[in-house]
Amino acid sequence: MKINLDLLKKLERSINTINPEKGKVPIRILGFGEISLVFELLEDPNHLAYKRIPIFDNELQVKRHIWAYNNYNEILANAGLLLPDYDIAWFRDHRNKIQFYCVQEQVAAESVGNKIIHEIPIEEIHLLVLLILREMKKVWTYSRKHKNIDVGLDGQISNFAVKGYNSNNYHITPETKLIYLDTSTPMFRIKGKEAMEAVLFLKSAPSFLRWLLKALFLEETVGRYYDWRKVAIDLIANFFKEQRPELIPSLIRLINKFFAEEATEFQIMPITVEEVQKYYDSDKNIWVIFQSVRRFDRTLKTKIFKKTYDFYLPEKIKR
Ligand SMILES: Nc1ncnc2c1ncn2[C@@H]1O[C@H](COP(=O)(O)OP(=O)(O)O)[C@@H](O)[C@H]1O
Ligand SMILES: [Mg+2]
């Protein structure tokens with residue numbers, strides 16, 4: 001993969017984490033999750049997606065993460081998921097700080113699930129969710145077949161892109177292929193041991209609150225990605241966040257039918273509307289607390305202590 005390290009280094013010298021598109025090296029934001037910033041370098045002709053992950057203190061952590069990342073990608077591909085071409089870039093910047101990027105071949109912004117669901121008719125949204133469930137089944141089947149390995153997946157609708165989607169006259173069909181994007185947080189366990197150093201997750205939280213978040217949320221937030229039922233609930237709850245709550249009851253019926261007919265061997269209990277609502281409320285609270293604490297920390301660091309702040313923070317997400 002042709003990664004332009006010099007351009008990345010230049011970017012790091014002048015990055016503006018508060019207004020990332022206003023820095024000296026022009027970038028365009030492709031998306032952002034709760035922690036990472038995903039962008040393209042406008043001066044780079046290779047159409048790559050760079051995911052900036054500013055959480056590493058030392059090379060040992062980096063090496064372990066690269067190992068976990070490559071393995072996670074391989075496991076998902078072996079399980080049968082379609083992934084974009086991928087690579088890693090990292091270096092020490094002018095301040096000797098480690099900068100780390102997961103790099104992927106870019107997919108079209110309008111092909112990502114959370115965009116598509118606002119464009120296609122309800123029947124096709126149902127079909128899209130069914131296709132996502134079938135991708136998930138590949139992952140949980142892999143875990144069943146490999147006794148020593150447990151694989152987790154973040155089943156958010158924004159993590160899947162429709163291959164070959166174009167906004168003029170495209171129809172989702174049972175043959176439509178999905179691409180899974182979110183591999184930068186490697187989630188697998190070998191004989192029960194987490195491959196990724198899970199506390200790295202929390203690195204973007206301010207240090208004074210890290211221990212508290214760890215105690216309260218780490219087991220719950222990391223563990224739930226290994227539980228298919230919880231991952232499915234998360235997928236449905238997305239429709240609250242995406243402002244399409246009217247779809248939730250029919251999607252729950254669809255998922256329960258899928259579990260009963262296409263995934264019988266997993267013996268997954270039917271999901272209820274109340275459960276999804278409750279889950280959504282508590283999940284929302286976790287991230288709202290997390291993001292507002294981070295904002296407070298940024299204010300402290302930049303305004304009061306006049307330090308730089310390493311993280312890009314998403315605008316307040318409408319929920
Ligand atoms: N390869 C890619 N090409 C284009 N856009 C991408 C790509 N990967 C991610 N994105 C965009 O960035 C968003 C966040 O990326 P993701 O890998 O899911 O990170 P996170 O862990 O922060 O959720 C995606 O929902 C998508 O909109
Ligand atoms: Mg994501």
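All values derive from a computational prediction rather than experimental measurement.

**So, the overall build of the protein**
At step 1: Secondary structure summary: the protein contains eight helices and 10 strands in total.
At step 2: The burial tally for the protein puts 54% of its 319 residues in the buried class.
At step 3: At a minimum sequence separation of 6, the contacts of the protein that also span at least 24 residues come to 67%.
At step 4: Approximately 15700 Å² of the protein is accessible, and the part contributed by carbon and sulfur atoms is 54%.

**Section: the site of ligand 1**
At step 1: Lining the immediate environment of ligand 1, one finds 16 residues, of which Ser 36, Lys 51, Val 107, Ser 158 and Asn 159 sit closest.
At step 2: Within the backbone of Glu 105, one N or O atom sits 3.0 Å away from a nitrogen atom of ligand 1.
At step 3: Between ligand 1 and the protein, one listed contact pairs a nitrogen atom with a backbone N or O atom of Val 107 at 2.9 Å.
At step 4: Across the complex, the protein chains shield 91% of the 540 Å² of accessible surface that ligand 1 would expose by itself.
At step 5: The set of elements that each furnish at least two residues to the shell around ligand 1 consists of strand E1 (27-32), strand E3 (48-52) and strand E5 (98-105).
At step 6: Split into classes, the residues belonging to the shell around ligand 1 amount to six nonpolar, seven polar and three charged.

**Focus: the sheet that holds strand E6 (residues 149-151)**
At step 1: Read across the open sheet, the three strands follow the order E6-E9-E10; overall the sheet is antiparallel. Edge positions in the open sheet fall to E6 and strand E10 (193-194), since each of these has one partner strand only.
At step 2: Examined bridge by bridge, E6 and strand E9 (residues 188-190) share three bridges and lie antiparallel to one another. In the strand pairing of E9, Ile 149 is matched with Ile 190.
At step 3: Those strands touched by helix H2 (residues 59-79) are E6, E9 and E10, and its axis lies near 100° from that of E9.

About the criteria used
- Residues numbered from 1 in each chain as written.
- Chains lettered and ligands numbered in written order.
- Predicted model: local features only at pLDDT ≥ 70, side-chain atom pairs only at ≥ 80, totals over all residues.
- Heavy atoms only, no water.
- Helix = DSSP H or I, 4+ residues; strand = E, 2+ residues; numbered from the N terminus.
- Buried < 20%, exposed > 50% of the residue type's maximum accessible area, 1.4 Å probe, protein only.
- Contact = heavy atoms within 4.5 Å.
- Areas by Shrake-Rupley, 256 points an atom, 1.4 Å probe, with all protein chains shown as cover.
- Near = heavy atom within 4 Å.
- Polar contact = N/O pair within 3.5 Å; in protein donor to acceptor, adjacent residues only side chain to side chain.
- Nonpolar A, V, L, I, M, F, W, Y, C, P; charged D, E, K, R; others polar.
- Pairing = 2+ DSSP bridges.
- Axes fitted to C-alpha atoms, helices over the stretch in contact; angles between N-to-C directions.

Keep in mind that these numbers describe shape and distance, not what the molecule does.
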